[in-house]
Amino acid sequence: MKYAVISDVHANLDALLAVLKDIREKKIKKNIFLGDAVGYGPEPDECVDVLKTECSVMLAGNHDWAVLGLTEIEHFNPIAKEAILWAREKISRETISILKTLSISKEIEDKKILLVHSTPKEPEKWHYLLTLWDAEINFHCFDNRICLLGHSHYPLIIERLPSGEMSTHRNSAKLSAENRYIVNVGSVGQPRDGDPRACYAIIDEEFVNIYRVQYDVEKTQGKMRSYGLPEPLIERLKRGL
Ligand code: ZN
């Protein structure tokens, strides 16, 4: 078992291609995508097309559902909503038909690993897992050893001992057979942890590692401006916030 795990591409093709190149250089053969292919960025069709070709497992996220009209966008902030409305106009029928086939969670590796975009608890409600208290609640909502997720755009590894004690790891963790894990793999296309580089994870039997990859942010920003996407979405890519 060895997977590259990517999430929250958000129609940022330059970031996606940079990450896939990095994965190829590391000789990883299997890619998993945890959802939010579209929303925010300038190239939704291209990203969905590349993800479909490159990933053996693909989930849907809340932005994918929002574009399909499967989730309400009233609770989206006005800027995210504007980007969703733009994407609905822009994306092709082919992209829509691909997004419609995606589920929002999946078990792999003989149920050892749970994949979900948001949280094991009520994945269709798109909760955020941000604190250790959120983690504690969620550890009781799945029985797989490892849960890989995205959604918050904030990479983090949470380890839970059989005693219930928890610890967090920022960039890497050695996986112990007795412990359970929730791994947020961060965001490829719109990191929010103050580091603008694209983010993804590699997991095998023994380790999980978070990687950062430089990409041409200005190029993506130029494409977004040419489509008239909201300026705060363009500007935040540079800051990674
Ligand atoms: Zn997202």
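Before reading further, recall that the structure is shown in the block above.
In this text the structure is predicted, and so the values were computed from the model without any measurement.

Participant: Tell me what's going on with the overall build of the chain, and back it up with residues and numbers.
Facilitator: Each helix and strand counted, the chain has eight helices and 12 strands in total. A compact globule built from 241 residues would reach a C-alpha radius of gyration of about 18 Å, and the chain, at 17 Å, matches this within 12%. For the chain, the spread of C-alpha atoms along the principal axes amounts to about 55 × 40 × 30 Å. Expressed as a percentage of its 241 residues, the buried residues of the chain come to 59%. Within the chain, contacts between residues at least 6 apart in sequence are counted, and of these 70% link residues at least 24 apart.

Participant: Can you lay out the pattern of salt bridges for me, pointing to particular residues and giving the numbers?
Facilitator: Overall, the coordinates contain 18 salt bridges when judged by the stated rule. In this structure, D14 and K219 form a salt bridge, with 3.6 Å as the shortest nitrogen-oxygen distance. Here D14 is found in helix α1 (residues 13-25), whereas its partner K219 is found in helix α7 (residues 217-226), with 205 residues between them in sequence. Residue class for D14 comes out buried when judged on its relative accessible area of 11%. On the accessibility criterion, K219 (46% relative accessible area) is partly exposed. The residue D195 makes a salt bridge to R197 at a minimum N-O spacing of 2.8 Å.

Participant: Would you mind going over the nonpolar core in detail, with residue names and values included?
Facilitator: Within the largest apolar cluster, 51 residues are counted, with the highest numbers of intra-cluster contacts made by I6, L16 and L51. Of the residues forming this core, the biggest block, seven residues, is contributed by α1. Every residue in contact with L16, bar those within four places of it in the chain, is listed here: I6, V9, C47, V50, L51 and V188. Counting 22 residues, the second-largest nonpolar core is a separate cluster that includes Y3, I113, L115 and I157.

Participant: Help me get a handle on the coordination of the zinc ion, residues and values and all.
Facilitator: D8 (OD), H10 (NE2), D36 (OD) and H153 (NE2) make up the full set of protein donors to the zinc ion, lying at 1.9 to 2.5 Å. Between consecutive donor residues of the zinc ion, the sequence gaps follow D-x1-H-x25-D-x116-H. Taken together, the residues D8 in the loop between β1 (2-6) and α1 and H153 in the loop between β6 (146-149) and β7 (156-160) connect sequence positions 145 residues apart. For the pair D8 and H153, a shared accessibility class is recorded, and that class is buried.

About the thresholds
- Residues numbered from 1 in each chain as written.
- Predicted model: local features only at pLDDT ≥ 70, side-chain atom pairs only at ≥ 80, totals over all residues.
- Heavy atoms only, no water.
- Helix = DSSP H or I, 4+ residues; strand = E, 2+ residues; numbered from the N terminus.
- Rg over C-alpha atoms; globule rule 2.2 N^0.38 Å.
- Buried < 20%, exposed > 50% of the residue type's maximum accessible area, 1.4 Å probe, protein only.
- Contact = heavy atoms within 4.5 Å.
- Salt bridge = Lys/Arg side-chain N within 4 Å of Asp/Glu carboxyl O.
- Core = buried A, V, L, I, M, F, W, Y, C linked by side-chain atoms within 4.5 Å.
- Donors = N, O, S within 2.8 Å, 3.2 Å for Na, K, Ca; no water.

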